[in-house]
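# Coordinate inspection notes
The residues making up each chain are set out below.
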Amino acid sequence: MERTFTTSGYPVSEVEKKRQYRVVFKEVCTDVGRMQNLGDVMNVLQEVLIPLQLMHCAGWVHRDISSGNVLAYRSNEKQRWQAKLSDLEYAKEFPPTRGRAETKDSKIGTPYFMPHEILKNPYISIPTSVVEQARKELANDDEDSDEMDDDSTEDGSSTEENSPERDLSWHTVVHNPQHDVESLWWLGLWTLTVRVDHSPSRQWAKPIFRDTLNPSDARQAAFVDVILDQLRGCLHPNIRKPFAKRVEKFRERLYESYLLREAENNVLDLNAYRHLYKYANSFFKGIRKGTSKWREQDLKDPQDLEDLHELKRARSMMSNPATTSASREAHISSAQATSSKRRKG
């Protein structure tokens, strides 16, 4: 295999061979994208943090957290759902070991739920003033604190024109533990805005969740900008109060953590991600405060869910050099035909 090297010193493989495999579970599971109750979905998303953290502690990242790869099982309706994390096809060691190839195509996963940096490719560029603000806010951030001024719409960060920047865009973006957790955030946002049968939230989410590796402006803004007002304006009334400010707070914590870690050049330090799960658990703890009415919110299967899975399988075949050109084209044509037929129906 021929190799080239990035400026960070890690080898890049031009072609990475894949071997197809099948995993058979003893239990018949339901993927989280098809669960019909919001309370159940949030329970499973929180529970899947456990296997995800175990992977990270072992020095691995999943790289494809999606609605089809987070599974749930229960033997009867009276039992609590048990979360299972599946599809380790794209899992990789973190940090990457020198001498081991790092795939040149870092855009791995399902576009709906792919992390911002993976879709954009360069690391986030950081003005010094923003870094200082993020450091101050995270230092004062209490695990149990869920305070946010209801009238606040600004993130408080300064954007001075002449602020010096630490440009990390020359680095190859390496998928890290926070990217996996960010995918859970996107999965939660998708559930709240697309799967809840509410026209305003679906309209807001439409330009954000698209099956493309070229993120829209709306998709980028949903992560790097404050979205509290948008969420308050579009979420279903039954879920607006418990979720709007907590989804925004989770986003803010993720974004500010990226800023600090990259400013300090700690993106390949596994210990730099130790607070990550505290932020995630704080979100799930926060939504359980107050009324529990939201837990009974029904969820609908989005019309394009099957299309999403079909096109994902088609992309997987495209990335496998062992698959013949004819079979790849046939599979993609079949996926597109199925998608077109559903829309006409």
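Residues numbered from 1 in each chain as written. Predicted model: local features only at pLDDT ≥ 70, side-chain atom pairs only at ≥ 80, totals over all residues. Heavy atoms only, no water.

## Comments concerning the overall build of the chain
Which entries qualify depends on this criterion: Secondary structure elements are defined from DSSP: runs of H or I of at least 4 residues count as helices, runs of E of at least 2 residues count as strands, and each element is numbered from the N terminus. Type-normalised accessible area, obtained with a 1.4 Å probe on protein chains alone, sets the label of each residue: buried when under 20%, exposed when over 50%, and partly exposed for intermediate values. All accessibility values rest on the Shrake-Rupley procedure with a 1.4 Å probe; residue burial counts only the protein chains present in the view.
Regarding its fold elements, the chain presents 12 helices and 10 strands. Taking all 345 residues of the chain together, the buried fraction comes to 48%. As displayed, the chain has an accessible area near 17,400 Å², and 48% of this comes from carbon and sulfur atoms.

## Quick word on the environment of G233
If you trace the backbone, G233 turns up in helix 8 (residues 228–234). G233 sits 11 residues away from A244 along the chain, and the two C-alpha atoms are 9.3 Å apart.

## Structural notes on the packing of helix 1 (residues 38–47) against helix 10 (residues 276–287)
Working note: a packed helix pair is described by the angle between its axes plus the distance between those axes. This is how the line gets drawn: Only the stretch in contact is used when a helix axis is fitted, and all axes are lines through C-alpha atoms; the angle between N-to-C directions ranges over 0 to 180 degrees. For classification, angles of less than 35 degrees are called roughly parallel, those exceeding 145 degrees roughly antiparallel, those between 65 and 115 degrees roughly perpendicular, and all remaining angles oblique. Left-handed describes a crossing whose near helix is turned anticlockwise from the far helix by less than a right angle; the clockwise case is right-handed. In what follows, residue pairs with any heavy atoms lying within 4.5 Å of each other are defined as contacts. Under the grouping applied here, Gly and all other residues not named as nonpolar or charged are polar, the nonpolar ones being Ala, Val, Leu, Ile, Met, Phe, Trp, Tyr, Cys and Pro and the charged ones Asp, Glu, Lys and Arg.
Contact geometry of helix 1 with helix 10 gives a least axis separation of 10 Å together with a crossing angle of 155°. As summarised for this structure, helix 1 and helix 10 are arranged roughly antiparallel, according to the angle between their axes. Once helix 1 is placed against helix 10, the crossing between them reads as left-handed. Judged by residue contacts, M42, L45 and Q46 of helix 1 engage N281, F283, F284 and I287 from helix 10. Of the residues contributing to the contact of helix 1 with helix 10, the split by class is 5 nonpolar, 2 polar and no charged.

## Comments concerning helix 9 (residues 237–263)
Side chains that are three or four residues apart share a direction in an α-helix, a result of its 3.6 residues per turn. Rules: Here a helix's expected span is defined as the number of its residues, less one, multiplied by 1.5 Å. In this scheme, the bend at a residue equals the angle between the axes fitted to the seven residues that finish there and the seven that begin there.
Over its 27 residues, helix 9 runs 39 Å from end to end, which matches the ideal 39 Å to within 8%, given 1.5 Å per residue. The sharpest bend along helix 9 measures roughly 45° and falls at F243. Of all 27 residues in helix 9, 22 are buried, a share of seventy percent or more. Positive phi appears at N265, one or two residues downstream of helix 9, with a value of about 60°.

## Section: the nonpolar core
Counted only if it meets this: Residue types Ala, Val, Leu, Ile, Met, Phe, Trp, Tyr and Cys, when buried and joined through side-chain atoms within 4.5 Å, form a set referred to as a nonpolar core.
Grouped together as the largest cluster of nonpolar side chains are 59 residues, with contacts concentrated most on M42, L45, V70, W185, W186, F209 and F243. The contact partners of M42, leaving out residues within four places of it in the chain, are G188, L192, F243, F283, F284, I287, R288 and W294. Residues F94, I118, V173 and Y273 belong to the second largest nonpolar core, which totals 10 residues.

## Description of the confidence of the model for the chain
Let me state the cut-off plainly: Known as pLDDT, the predictor's confidence for each residue is given on a scale from 0 to 100.
Taken as a whole, the chain shows an average pLDDT of 77; of its residues, 68% reach a score of 70 or greater. Within the chain, the lowest mean pLDDT, 36, falls on strand 1 (residues 3–5), and the highest, 98, falls on helix 8. Within the model, the stretch residues 1–15 combines pLDDT values under 50 with 39 contacts to residues more than four positions away or in other chains. Between residues 317–345, whose pLDDT stays under 50, and residues either more than four places distant or in other chains, the model counts 25 contacts.

## Comments concerning the pattern of salt bridges
The following threshold applies: The salt bridge criterion pairs a side-chain nitrogen of Lys or Arg with a carboxyl oxygen of Asp or Glu, the two atoms within 4 Å.
Under the defined criterion, the tally for this structure stands at 7 salt bridges. Across the salt bridge formed by D31 and R34, the nearest N and O atoms sit 3.4 Å from each other. Exposure remark for R34: the relative accessible area of 29% places this residue in the partly exposed category. The residue R195 makes a salt bridge to D301 at a minimum N-O spacing of 3.4 Å. Residue R195 is located in helix 5 (residues 177–195), and its partner D301 is located in the loop between helix 10 and helix 11 (305–318); the two are separated by 106 residues in the primary sequence. What makes D301 partly exposed here is its relative accessible area of 40%.

## Re the sheet that holds strand 3 (residues 30–31)
Stated formally: A pair of strands is treated as paired once DSSP finds two or more bridges between them.
As summarised here, the arrangement of the 3 strands in space is 3-5-6, forming an open sheet in which the pairing is antiparallel. Here the strands that pair on one side only, and so sit at the sheet edges, are strand 3 and strand 6 (82–85). In the sheet, strand 5 (residues 70–73) pairs with strand 6 via 4 bridges, with the strands oriented antiparallel. Looking at strand 6, one finds that L71 is bridged to K84.

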